[in-house]
Amino acid sequence: MEDADRLRDEVLGEISRAETPDALEAIRVAALGRRGRLTELMRGLGALAPEARREAGAALNAVKDVIAAALAEAGDRLGRAARAAQLAGERADVTLPVQTGETGRIHPISQTVDEIVAIFGEMGFVVAEGPHIEEDFYNFTALNIPPEHPARQEHDTFYLPERPDGSRLVLRTHTSPVQIRTMLAQTPPIRIIVPGRTFRADHDATHSPMFHQVEGLVIDRTTHMGHLKGCLIEFCRAFFDVEDLPVRFRPSYFPFTEPSAEVDIGCSRKGGELKIGAGGDWLEILGSGMVHPQVLRNCGIDPAEYQGFAFGMGIERVAMLKYGIPDLRTFYDSDLRWLRYYGFLPLDIPSPVRGALAGSMAGGAA
Ligand code: PHE
């Protein structure tokens, strides 16, 4: 088996000198490939007598194993070297001063939340927050959505696994549970705005399993439907920066408000182009209503003494309308080119787009 030993030594030498994965592959083909030197030797075994064939075959197989192991080991070595070279080439010194020209951007969701908070802040609302993982009680029951209510199905709820007592936590399906948490924790007057994440098992061009809402809640002794209307008309006009924006209140139903209204803003779709403002068409942008007396009672507030209104709005939806963003899913792609295009410069301080806001609109709740 002179041939086999010589072959082994030669191939191992070549492997140890290989500098690239391509060179290594050429060595493998030359030794173990269909026309390879070792393959040819194995083919020659057929001409030997049975006893000699067995011996030579075992020797050749041993050589093959040694070569295969050396190839694998060299492959690892070259892979590590390539990775190290790549890392060295991409090395970045994070302690260097910021490069001018490469500026970060504020995500449109953050910008829109800041704008909404600024507008309602001018009207005397304060920001409140609540947990993403919520008790069934706050997300549904206290909001007048009992266990068998169809709204529970419509919400496409993400449930967590059952707990030992049989109850299940949920990923909140709306920001409305923060109404309940706030009313239980504070005494009126209450005037809060609640931006935050919400979750529903729904995914297409206009729905994402995680999205954002902003909730509003006003509770006081004399709050009435006129305050709801004035406050939301004022908000819509300020947010979309259209002074005479038509705003329409359409009767609707929510278990936690009575009466309930969906709010539409005017738009035009002439020539296939959507334009916010007077134009004969309508776009739904939020849900609202007077807080249901049962919801007040569930929170220990006497409906004979206090009333209020609430509203909920999808943040992605109004951001898409205001900034002409066509596809909801792009919000979460973390695509830097998208962010450079749709994002905002950090020093653009969000403010109510119009100077004088009619603070009197929600004034009854003060
Ligand atoms: N929570 C409702 C939704 O997610 C919106 C809403 C909030 C409606 C407050 C009325 C009052 O659809």
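Quantities reported herein were computed from a predicted structural model and do not represent experimental measurements. (Residues numbered from 1 in each chain as written. Predicted model: local features only at pLDDT ≥ 70, side-chain atom pairs only at ≥ 80, totals over all residues. Heavy atoms only, no water.)

## Side note on the overall build of the protein chain
If you tally the helices and strands in the protein chain, you get twelve helices and ten strands. Expressed along its principal axes, the backbone C-alpha trace of the protein chain runs to roughly 110 × 55 × 45 Å. In the protein chain, which comprises 366 residues, the share counted as buried stands at 41%. Here the analysis covers contacts within the protein chain between residues at least 6 apart in sequence; of these, 65% occur between residues at least 24 apart. Total accessible area on the protein chain stands at roughly 19,700 Å², and carbon and sulfur atoms take up 54% of it. The centroid of the 39 positive side-chain charges in the protein chain is displaced by 3 Å from the centroid of its 51 negative side-chain charges. (Helix = DSSP H or I, 4+ residues; strand = E, 2+ residues; numbered from the N terminus. Buried < 20%, exposed > 50% of the residue type's maximum accessible area, 1.4 Å probe, protein only. Contact = heavy atoms within 4.5 Å. Areas by Shrake-Rupley, 256 points an atom, 1.4 Å probe, with all protein chains shown as cover. Lys, Arg positive; Asp, Glu negative; His and termini not counted. Charge placed at Lys NZ, Arg CZ, Asp CG, Glu CD.)

## Some details on the site of the ligand
Around the ligand, the structure places 14 residues, and the nearest of them are His174, Ser176, Arg200, Gln213 and Gly312. Histidine 174 has a polar side-chain atom sitting 3.0 Å from a nitrogen atom of the ligand. Side-chain polar atom of arginine 200 to an oxygen atom of the ligand: 3.0 Å apart, as the coordinates give it. For the shell around the ligand, the elements supplying multiple residues, two or more each, are β5 (210-220), β9 (281-291) and β10 (307-314). Broken down by element, the shell around the ligand gets its largest block of residues, three residues, from β10. Residues that form the shell around the ligand fall into these classes: four nonpolar, eight polar and two charged. (Near = heavy atom within 4 Å. Polar contact = N/O pair within 3.5 Å; in protein donor to acceptor, adjacent residues only side chain to side chain. Nonpolar A, V, L, I, M, F, W, Y, C, P; charged D, E, K, R; others polar.)

## Observations concerning the side chain of histidine 212
Summarising the element assignment, histidine 212 is placed in strand β5. Accessibility expressed as a relative area gives 10% for histidine 212, which makes it buried. At 2.7 Å, the side chain of histidine 212 forms a polar contact with the side chain of glutamate 316. Those residues in contact with histidine 212, other than ones at most four positions away along the chain, are Ile109, Gly196, Arg197, Thr198, Met313, Gly314, Ile315 and Glu316.

## Focus on helix α11 (residues 315-323)
Of the residues making up α11, those classed as buried are Ile315, Glu316, Val318, Ala319, Met320 and Leu321. Packing partners of the buried residues in α11 comprise α5 (108-122), β5, α9 (225-240), β8 (275-276), β9 and β10. Trailing α11 by a residue or two, glycine 324 shows a phi angle of about 65°, which is positive.

## Structural notes on the confidence of the model for the protein chain
For the protein chain, the average pLDDT comes to 90, and 93% of its residues sit at 70 or higher. Low pLDDT, under 50, characterises residues 352-366; the predicted model gives this stretch 36 contacts beyond four residues in sequence or across chains. (pLDDT = per-residue confidence, 0-100.)

## Description of the environment of arginine 53
Examined against the element boundaries, arginine 53 turns out to sit in helix α4 (residues 50-89). Each C-alpha atom, one on arginine 53 and one on methionine 42, is 9.6 Å from the other, the two residues being eleven residues apart in sequence. Residues within four places of arginine 53 in sequence aside, it is in contact with Leu45, Gly46 and Leu48. At 3.4 Å, the side chain of arginine 53 and the backbone oxygen of leucine 48 are in polar contact.

## Thoughts on the pattern of salt bridges
Proximity of charged atoms lets side chains of opposite charge pair with each other. Counted under the stated rule, the structure contains 19 salt bridges. Several salt bridges share partner residues, and in doing so they unite Arg248, Arg250, Glu262, Asp264 and Glu284 into one network. (Salt bridge = Lys/Arg side-chain N within 4 Å of Asp/Glu carboxyl O.)

## Considering the nonpolar core
Ranked by size, the top nonpolar core spans 45 residues in total, and within it Ile116, Phe120, Phe235, Phe240, Ile265, Ile285 and Phe331 carry the most contacts. Ranked by residues supplied to this core, first place goes to α9 with eight residues. Those residues within four positions of phenylalanine 120 in sequence are excluded, and the remaining contacts are Phe125, Ile193, Cys231, Phe235 and Phe311. Listed in part, the 23 residues of the second largest apolar core include Ala142, Met183, Leu217 and Val295. (Core = buried A, V, L, I, M, F, W, Y, C linked by side-chain atoms within 4.5 Å.)

## Quick look at the domain arrangement of the protein chain
Along its sequence, the protein chain is carved into domain 1 (2-89) and domain 2 (108-342). Between the C-alpha centres of domain 1 and domain 2 the distance comes to 68 Å. (Domains from an automatic or database assignment.)

## Here's the deal with the state of the cysteines
By the definition in use, this model includes zero disulfides. Lacking any disulfide linkage, cysteine 267 is separated from the closest cysteine sulfur, that of cysteine 236, by 13 Å. (Disulfide = S-S within 2.5 Å.)

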